[in-house]
Amino acid sequence: MIYEKDFPYAFDENACAKCGGKCCTGESGNIFINNEEINLLSDYLKLDKKQFMEQFIKKVGLRYSLKEVEFEQGYACVFFDQIKRNCSIYELRPKQCKTFPFWKYFKYHKEELQKECIGIYYLS
Ligand code: SF4
Ligand code: SF4
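Cut-offs used in this document
Residues numbered from 1 in each chain as written. Chains lettered and ligands numbered in written order. Predicted model: local features only at pLDDT ≥ 70, side-chain atom pairs only at ≥ 80, totals over all residues. Heavy atoms only, no water. Near = heavy atom within 4 Å. 1 Å grid on protein atoms, 1.4 Å probe; cavity = no way out; pocket = protein on both sides within 12 Å on 5 of 7 lines; lining within 4 Å. Sits in = over half its atoms within 2 Å of the grid points. Helix = DSSP H or I, 4+ residues; strand = E, 2+ residues; numbered from the N terminus. Nonpolar A, V, L, I, M, F, W, Y, C, P; charged D, E, K, R; others polar. Core = buried A, V, L, I, M, F, W, Y, C linked by side-chain atoms within 4.5 Å. Buried < 20%, exposed > 50% of the residue type's maximum accessible area, 1.4 Å probe, protein only. Contact = heavy atoms within 4.5 Å. Pairing = 2+ DSSP bridges. Axes fitted to C-alpha atoms, helices over the stretch in contact; angles between N-to-C directions. Parallel < 35°, antiparallel > 145°, perpendicular 65-115°, else oblique. Salt bridge = Lys/Arg side-chain N within 4 Å of Asp/Glu carboxyl O.

Our next topic: the site of ligand 1. As a structural note, the neighbourhood of ligand 1 is formed by F11, A15, C16, C19, G21, K22, C23, F100, E116 and C117. Judged by the fraction of its atoms near the pocket grid, ligand 1 is located in the largest pocket. Counting residues per element, the shell around ligand 1 draws most heavily on helix α1 (residues 15–19), which supplies 3 residues. Here the residues of the shell around ligand 1 are counted per class, giving 7 nonpolar, 1 polar and 2 charged.

What follows concerns the nonpolar core. When a protein is soluble and globular, its nonpolar side chains tend to lie buried together. Ranked by size, the top nonpolar core spans 16 residues in total, and within it F52, I57, L66 and F79 carry the most contacts. Among the elements of the structure, α2 (35–44), α3 (49–56) and β8 (74–77) are those that each provide at least two residues to this core. Aside from chain neighbours lying at most four places away, what touches F52 is I38, L41, S42, L45, L47, I57 and F79. Among the nonpolar cores identified, the runner-up in size contains 9 residues, and F7, Y9, F100 and F106 belong to it.

On to the sheet that holds strand β7 (residues 68–71). The 3 strands lie next to each other as β3-β8-β7, forming an open sheet whose pairing is antiparallel. Lying at the two open borders of the sheet, with one neighbouring strand each, are β3 (25–26) and β7. Where β7 and β8 come together, 4 bridges link them in antiparallel fashion. Counted as the bridge partner of V69 is A76 from β8.

Here the focus is the packing of α2 against α3. With their axes 10 Å apart at the nearest point, α2 and α3 run at an angle of 105 degrees to one another. Considering their axes alone, α2 and α3 lie roughly perpendicular with respect to each other. Residues N35, I38, N39, L41 and S42 of α2 form the contact with α3, whose own contacting residues are K49, F52 and M53. Along the lines of polarity and charge, the residues of the contact of α2 with α3 split into 4 nonpolar, 3 polar and 1 charged.

Moving on, we get to the sheet that holds strand β2 (residues 9–11). If you walk across this open sheet you meet the 3 strands as β1-β2-β11, and the pairing is antiparallel. Strands with a single pairing partner mark the edges of an open sheet, and in this sheet they are β1 (2–3) and β11 (120–122). With 2 bridges connecting them, β1 and β2 associate as antiparallel partners. Counted as the bridge partner of I2 is F11 from β2.

Around ligand 2, the neighbouring residues are C24, L66, C77, F79, F80, C87, I89, R93, P94 and C97. Placement of ligand 2 is best described as lying within the largest pocket. Across the shell around ligand 2, the residue classes tally to 9 nonpolar, no polar and 1 charged.

A word on the pattern of salt bridges. In the structure shown here, the tally under the stated rule is 4 salt bridges. The salt bridge partner of D6 is K5, with a shortest N-O separation of 3.5 Å. For the pair D6 and K5, one class covers both residues: exposed.

Written out as structure tokens, the structure is:
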């Protein structure tokens, strides 16, 4: 169980095995990634940066996001393993993914978070 200071809930990371990757799939959204993370990931995949950017990155304003692909009734992150239903780059996933579900937004959107993630336990 993971606890984070000032958050009203805890997160059981074992829930991910049962979940099937709900936070990596569904409606289209942005999976922001920074330059340092892009460098690490392109090295890991043994791609030069230009090739990596063309294949996996879209520009969103001044920022970068991982691309998505069509999946089931919606979309999945380009690094979502559709067979195993988990993240194929887990150790190198962007900070946005590493910090989920402890996002400030979810402190104030309890119902939305409960609908999204089965690993959430509210602390009394
Ligand atoms: S939605 Fe929650 S339980 Fe499901 S994969 Fe994401 S973090 Fe894990
Ligand atoms: S990088 Fe991994 S954890 Fe993040 S959305 Fe993509 S598949 Fe999910």
